[in-house]
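# Report on the structure
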Amino acid sequence: PVADADELARLALSPGSEALPKVLHHFGPAILDDNGNLDRRKLGAIVFGRPAELQFLESQIHPFVQSKAREMRARFEAEGHPFAIYDVPLLFEKNLRSQFDRVVVVGCSEETQLRRLAQRNGWSEEESLQRIHSQFDLAEKMKQADAVIWNEGTLEQLGLQVNNLIQKLITPS
């Protein structure tokens, strides 16, 4: 099973959430789309490159994310899964390393990151670079990881690497 921190962060700002009114009060109507819904791209344009604004946003989102992740971990353990994956882009930035048995970093070149962010999210190079540069250096993350998957190839190639790693994790030493 997989817990996705980005998905949990989206939930933290979903309609009816505790954090959304606080975020709207702080940033104002500039972060809404024409239908009155949160426009994450507009919000990103405000917070990335402005550390104090990003810190405020994270202070509203991260307690929810961490609480939900703990709940999911407990559920996965109760269900008897031998391990679970927590996909968390800010693991090192938020000093969460000690909460996990093993850390796997999936990395690729900055050029590949830029291309993929443009394809997936429609972000400009500037928007993508703001997000990339708001995180720790990939080389440093790779040094601190227990395992690294280099993801420059196809989805099939990535799948093979992931399956090989899973086999290593579930095979007793």
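Below, the structure is looked at part by part. What you see is a predicted model; the values in this text were computed from it and never measured. (Residues numbered from 1 in each chain as written. Predicted model: local features only at pLDDT ≥ 70, side-chain atom pairs only at ≥ 80, totals over all residues. Heavy atoms only, no water.)

Attention shifts here to the environment of Glu127. By the element assignment, Glu127 lies in helix 6 (residues 125-133). Of the residues examined, Glu127 reaches a relative accessible area of 15% and is grouped as buried. Put simply, Glu127 and Asp33 are 94 residues apart on the chain and 18 Å apart in space, counted from C-alpha to C-alpha. In contact with Glu127, not counting residues within four places along its chain, are Arg41 and Gly122. (Helix = DSSP H or I, 4+ residues; strand = E, 2+ residues; numbered from the N terminus. Buried < 20%, exposed > 50% of the residue type's maximum accessible area, 1.4 Å probe, protein only. Contact = heavy atoms within 4.5 Å.)

Moving on to the pattern of salt bridges. Per the counting criterion, the structure on display carries ten salt bridges. We note a salt bridge from Glu77 to Arg73, for which the minimum N-O separation is 3.2 Å. Pair noted here: Glu77 and Arg73 are both in helix 4 (residues 51-78), with a separation of four residues, about one helical turn. Among the residues examined, Glu77 registers a relative accessible area of 51% and is labelled exposed. By relative accessible area, which is 36% here, Arg73 ends up partly exposed. Measuring nitrogen to oxygen at the nearest pair gives 4.0 Å for the salt bridge that ties Lys143 to Glu140. Placement of both Lys143 and Glu140 in helix 7 (residues 138-144) is noted, with a separation of three residues, approximately one turn of the helix. Residue Lys143 is classed as exposed on the basis of its relative accessible area, which comes to 66%. (Salt bridge = Lys/Arg side-chain N within 4 Å of Asp/Glu carboxyl O.)

Let us look at unusual backbone geometry. In this model, Asn95 sits at a positive phi of 55°, which is unusual for a non-glycine residue. Take Asn95: it is sitting in the loop between strand 2 (85-87) and strand 3 (104-107).

In terms of nonpolar packing, the biggest core is built from 31 residues, with Leu13, Phe27, Leu43, Val47, Leu57 and Tyr86 touching the most fellow members. Only helix 1 (5-12), helix 2 (19-27), helix 3 (40-47) and helix 4 provide two or more residues apiece to this core. Counting five residues, the second-largest nonpolar core is a separate cluster that includes Leu114, Leu117, Leu129 and Ile132. (Core = buried A, V, L, I, M, F, W, Y, C linked by side-chain atoms within 4.5 Å.)

On to the packing of helix 2 against helix 4, then. For the pair helix 2 and helix 4, the least separation of the axes is 9 Å and the interaxial angle reads 160°. By the angle between their directions, the pair helix 2 and helix 4 is classed as roughly antiparallel. At the point where helix 2 passes helix 4, the crossing takes the right-handed sense. Residues Ala19, Lys22, Val23, His26 and Phe27 of helix 2 form the contact with helix 4, whose own contacting residues are Glu53, Phe56, Leu57 and Gln60. Of the residues contributing to the contact of helix 2 with helix 4, the split by class is five nonpolar, two polar and two charged. (Axes fitted to C-alpha atoms, helices over the stretch in contact; angles between N-to-C directions. Parallel < 35°, antiparallel > 145°, perpendicular 65-115°, else oblique. Left-handed = near helix turned anticlockwise from the far one by under 90°. Nonpolar A, V, L, I, M, F, W, Y, C, P; charged D, E, K, R; others polar.)

This brings us to the environment of Gly80. Inspection of the secondary structure assignment puts Gly80 in the loop between helix 4 and strand 2. Along the sequence, Gly80 and Glu140 sit 60 residues apart, while their C-alpha atoms lie 33 Å from each other.

Attention shifts here to the environment of Gln60. You can see Gln60 is positioned in helix 4. Residue classification places Gln60 among the buried residues on the basis of a relative accessible area of 18%. Residues Gln60 and Gln135, spaced 75 residues apart in sequence, show a C-alpha to C-alpha distance of 19 Å. Here Gln60 is in contact with Ala19, Lys22 and Val23, once residues within four sequence places are set aside. A polar atom in the side chain of Gln60 sits 3.2 Å from the side chain of Ser59. (Polar contact = N/O pair within 3.5 Å; in protein donor to acceptor, adjacent residues only side chain to side chain.)

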